[in-house]
Structures are given as C-alpha cells and as structure tokens.
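Coordinate inspection notes
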Amino acid sequence: MLYTRKGDKGKTKIFHCKQSLSKSSIVAEALGTLDEVNSFLGVIKAKINQGEPLIDSDVSSFLQKMQENLFIIQAEVSGASKKINKKEILKIEKIINTIEKKLPPIKTFFISGATEISAQIDFARTLVRRAERRVVEVSEEGLVKVSSSTLSYLNRLSSLLYALARQEAFKSGINETAPSYK
C-alpha cells in the first residue's frame, strides 16, 4: 500500500527512535534533501540514457553509484548502522583528478548553463551542497551519529558534480562564462 495514514499529523519515525519526530525536524529535512538529490540525479541519468550527445557513457554509471551511496547515507541519517566506505571517497577523488587533467584550470567562478545537461549537473551540485549542510546540522545537534566518511563523501560528491558539469560544457565546445561583477 502506498499510504499508511501514520504521517497525516505531521509526524514520522526513523530507525533509531521509537518516538515520532516532526516532519519539520532537521532529521526529516536532511532525509528529504538527500531524497531530492537522489531523484534529480535520476533525471540526469534518464536524460543521459536517452542518448544525450557528448555525454561520456561512464557518467551514467557514476550517477547510479552516487544514487546507491545516497541511500546508504539516508539509512545512516535515519539511525541505521550503515555508513559510506572510505574507498568511495577515494574513487570520487580519482574521477575528479582524471577530469581535471582534461580541463582548463579554474581561475574564476563560472555562470551555470553552458549546456542543458551541464546546467542540470551543476544544479545537482547545489542540491548536494544543501544536503551536506543539513546532514552536518543533524550531526552537530547530536540527534544521529553521522560518520566523518559520510560528511567527506557529500563534500566530494559536490566537487565531482562540478567537475562533471565543467567536463560536459568543455566537450560541447562552449566556453564557460565568468561573472562580470558589474
């Protein structure tokens, strides 16, 4: 059944807690934001799988792994004894380093929107940054124990998405535009 009516009064439960939490709590906010990231990565993955030109086929598999890892993070934030393996952070760093070697060096911020797919990937980056802030808040409040590897993973994930957005803009032959600050 797709509904239980248990949340009709604005309360929800998570793994480690027998009492109900408000759906406006920071834990619920963190879980919802992680869910938003995961869903939007699905939008990007679907577009890639429909044959988006210039997209490296590995990007779809990267996105799939990101989504899997976000489920692990959601479980951890819910109080389950799951956490991101530090090897996942090293994998992301390796991918970022490989992409960076192919791109012009970063000398400024860039305005998003070189291509539709690069803009979508960049938007996903901003969602990850928000999710990271929410998960840090959960950790700081001590409501749930969040591992340092999870916090590192979220930080690297946004960097990877930034690298992927830049890579897609570069492959399209469109120069990234710096803000004029005028």
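Refer to the structure presented above.
A brief structural summary.

Moving on, we get to the nonpolar core. By size, the foremost hydrophobic cluster in this structure holds 40 residues, and its most contacted members are L41, I44, M66, V77 and L161. For this core, the secondary-structure elements that each account for two or more residues are α1 (26-49), α2 (57-77), α3 (86-102), α4 (116-141) and α5 (148-172). The element contributing the most residues to this core is α1, with 10 residues. In this view, L161 contacts L41, M66, I121, A124, R125 and V128; residues no more than four positions away in its chain are not counted.

What follows covers the packing of α4 against α5. For the pair α4 and α5, interaxial distance at closest approach is 8 Å and the crossing angle is 170 degrees. Our classification of the angle between α4 and α5 gives roughly antiparallel. Residues I117, S118, I121, D122, A124, R125, V128, R129, E132, V135, V136 and S139 of α4 pack against L151, L154, N155, L157, S158, S159, L161, Y162, L164, A165, E168 and A169 of α5.

With that settled, the discussion passes to the side chain of E88. Structurally, the position occupied by E88 is in helix α3. With sequence-adjacent residues up to four places away left out, E88 is seen in contact with K65, N69 and Y153.

Quick look at the packing of α1 against α4 now. At a closest axis distance of 9 Å, the pairing of α1 and α4 adopts a crossing angle of 160 degrees. With respect to each other, α1 and α4 are oriented roughly antiparallel. The interaxial crossing formed by α1 with α4 has left-handed handedness. Within the contact of α1 with α4, the residues separate by chemical class into 18 nonpolar, 2 polar and 8 charged.

With respect to the helices and strands, the residue V138 is situated in helix α4. Separated by 113 residues in the primary sequence, V138 and S25 have C-alpha atoms spaced 9.4 Å apart. Once residues lying within four places of it in the same chain are set aside, the contact partners of V138 are I26, V27, A30, V77, L143, V144 and V146.

What follows covers the pattern of salt bridges. Across all of its chains, the model carries 8 salt bridges by this definition. Residue E29 is joined to R134 by a salt bridge in which the shortest nitrogen-to-oxygen separation is 3.8 Å. Highlighted residues: E29 in helix α1 and R134 in helix α4, separated in sequence by 105 residues. The shortest N-O distance in the salt bridge between K91 and E88 comes to 3.1 Å. One end of the pair, K91, and the other, E88, are both in helix α3, 3 residues apart, so they sit about a helical turn from each other. Classification of K91 as partly exposed rests on a relative accessible area of 45%.

Within the secondary structure, N49 sits in helix α1. Once the C-alpha coordinates of N49 and S60 are considered, the two residues, 11 residues apart in sequence, prove to be 7.1 Å apart.

Reading the values: rules and limits
Counting restarts for each chain, with residues numbered from 1 along the sequence as it is written. In keeping with the model being predicted, local features are shown solely for residues with a pLDDT of at least 70 and side-chain atom pairs are shown and tallied solely at 80 or more, while totals for entire chains, interfaces and linings include all residues. The side-chain quantities take in all heavy atoms of the structure and omit both hydrogens and water. Throughout this description, the term nonpolar core refers to a set of buried Ala, Val, Leu, Ile, Met, Phe, Trp, Tyr and Cys residues connected via side-chain atoms within 4.5 Å. Relative accessibility thresholds used throughout: buried, under 20% of the residue-type maximum; exposed, over 50%; partly exposed, between the two (1.4 Å probe, protein chains only). Only DSSP runs of H or I covering at least 4 residues are called helices, and only runs of E covering at least 2 are called strands; the numbering of each starts at the N terminus. Here a residue-residue contact requires only that any non-hydrogen atoms of the pair lie within 4.5 Å. Only C-alpha atoms enter the line fits that serve as axes; for helices the fit covers just the stretch in contact. Angles between N-to-C directions range over 0 to 180 degrees. Convention used here: angles under 35 degrees read as roughly parallel, angles over 145 as roughly antiparallel, angles from 65 to 115 as roughly perpendicular, and any remaining angle as oblique. Helix crossings are classified by the rotation of the near helix relative to the far one: an anticlockwise turn of less than a right angle makes the crossing left-handed, while a clockwise turn makes it right-handed. Here the term charged refers only to Asp, Glu, Lys and Arg, the term nonpolar to Ala, Val, Leu, Ile, Met, Phe, Trp, Tyr, Cys and Pro, and the term polar to all other amino acids, Gly among them. Here, a salt bridge means any side-chain nitrogen of Lys or Arg that lies within 4 Å of a carboxyl oxygen of Asp or Glu.

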